Amino acid sequence: MLKYFKTDNQIIHEEERLEGGVWAQLISPTQPECEEVAQTLNVDIDDVKAALDPEESSRIELQDGYTLILVDVPTTEIRHEKQSYTTIPLGIILTQDVIVTVCTEDTPVLKNFVMNRVKEFSTKKRLRFVYQILYRTATIYQANRRIIDKRRTEIEERIGEHTEDVDLIDLHELESTLVYFATSLRANGVVLDRLTRYKRLEQYPEDKELLGDVIVENQQAIEMTTIYRDIINGTRELMSSVIDNRLNNVMKYLTSITIVMAIPTVISGIYGMNVDARWMPLSDTPHGFLIICIITLLICIITMLFLRKKKML
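The structure displayed is predicted, hence computed values, not measured ones. (Residues numbered from 1 in each chain as written. Predicted model: local features only at pLDDT ≥ 70, side-chain atom pairs only at ≥ 80, totals over all residues. Heavy atoms only, no water.)

## A short note on the nonpolar core
- In terms of nonpolar packing, the biggest core is built from 31 residues, with W23, I69, L90, V130, Y131, I133 and L195 touching the most fellow members.
- Those elements that provide at least two residues to this core are β5 (66–79), β6 (82–94), β7 (99–103), α3 (108–114), α4 (126–157), α5 (165–195) and α6 (205–271).
- A total of 7 residues in this core trace back to one element, the largest contributor, which is α4.
- Apart from residues no more than four positions distant in its own chain, I69 is found in contact with R59, I60, L90, G91, I92, L94, V130, V191 and L195.
- Core analysis: the second largest hydrophobic core is formed by 21 residues, Y4, V48, L70 and V100 among them. (Core = buried A, V, L, I, M, F, W, Y, C linked by side-chain atoms within 4.5 Å. Buried < 20%, exposed > 50% of the residue type's maximum accessible area, 1.4 Å probe, protein only. Helix = DSSP H or I, 4+ residues; strand = E, 2+ residues; numbered from the N terminus. Contact = heavy atoms within 4.5 Å.)

Have a look at this one:
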């Protein structure tokens, strides 16, 4: 999908053709759409399609007449029948008159620009637009991180009687997501560092101040992601210990039951041997069977009390 947008008096509207001051938005574009933008702007089509490769890394390339910026932005996906977070490349092509964004999805990073919810947004101020995109990217990372931490808290509250193995899998998924986030944010940080030395387009004082805010926000997102990844790792280890301890308690309980049940088994086995009745205690005593059963029961009770005192039952 290819759309052209332009702002006039901070109001965005759609255009019919590509001209100066226009933002060209490519969302999962077709080959003809990529060729149209590449031919109109005299841009290498491989650079237009770079963001369509999910394995592309964040970077800046200065080409003849334009600049390619690739960053990772957060998005959602269905993983194991649940909504999870991941990152995808977003390509930004800067020319002297036009800015082009390319992405495989209609990412939330750009939706607010299309809906005219970003203050002081102008398609004509291309470098500021780039900084606003990067700032929006960092804030969405932070918002997603808070949602991930909320999920972790919900799992943590179930630690104990309601802990299940699936909770360990969910925590592993959350930890993996934060690893992806941290990696992408660090790569974006390298891009921001290069943008501080970018001289191809004019930067206004407000742009430099905004870039500083973006760098701070991105660095804070990296630090918070690392902290919450460590917290999730600790929660996962705690949950694993609780599950192991629960298993140990079950095994200890079953062992104690086995010990108690072995007592009547041993006694009945002895009395079941084929020997002279004269050598078997209580064999000729009236009610001998009942007496033996009572003695066996008493031994079992004493054993159970001993095991309980040792906290094994």
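After presenting the structure, the write-up continues.
## So, the pairing of β6
- With 11 of 13 residues buried, β6 is to be regarded as a mostly interior element.
- Bridge count between β5 and β6: 13 bridges; the pairing is antiparallel. Following the sheet pairing, P74 is matched in β6 by T87.
- Where β6 lies against β7, 4 bridges are found, and the strand directions are antiparallel. Paired with L94 across the two strands is I99, which belongs to β7.
- Between β6 and β7, which follow one another and run antiparallel, lie 4 residues. (Pairing = 2+ DSSP bridges.)

## Section: the packing of α4 against α5
- Running from N to C, α4 and α5 point in directions that differ by 160°, and their axes come no closer than 11 Å. In this view, α4 runs roughly antiparallel relative to α5, as classed from their interaxial angle. Seen along the crossing, α4 lies across α5 with a hand that is left-handed. Mapping the contact onto sequence places V130, Y131, L134, T137, Y141, N144, R145, I148, R151, R152 and I155 in α4 and D167, D170, L171, L174, T177, L178, F181, S184, L185, N188, L192 and L195 in α5.
- For the contact of α4 with α5, the per-class residue count stands at 13 nonpolar, 5 polar and 5 charged. (Axes fitted to C-alpha atoms, helices over the stretch in contact; angles between N-to-C directions. Parallel < 35°, antiparallel > 145°, perpendicular 65-115°, else oblique. Left-handed = near helix turned anticlockwise from the far one by under 90°. Nonpolar A, V, L, I, M, F, W, Y, C, P; charged D, E, K, R; others polar.)

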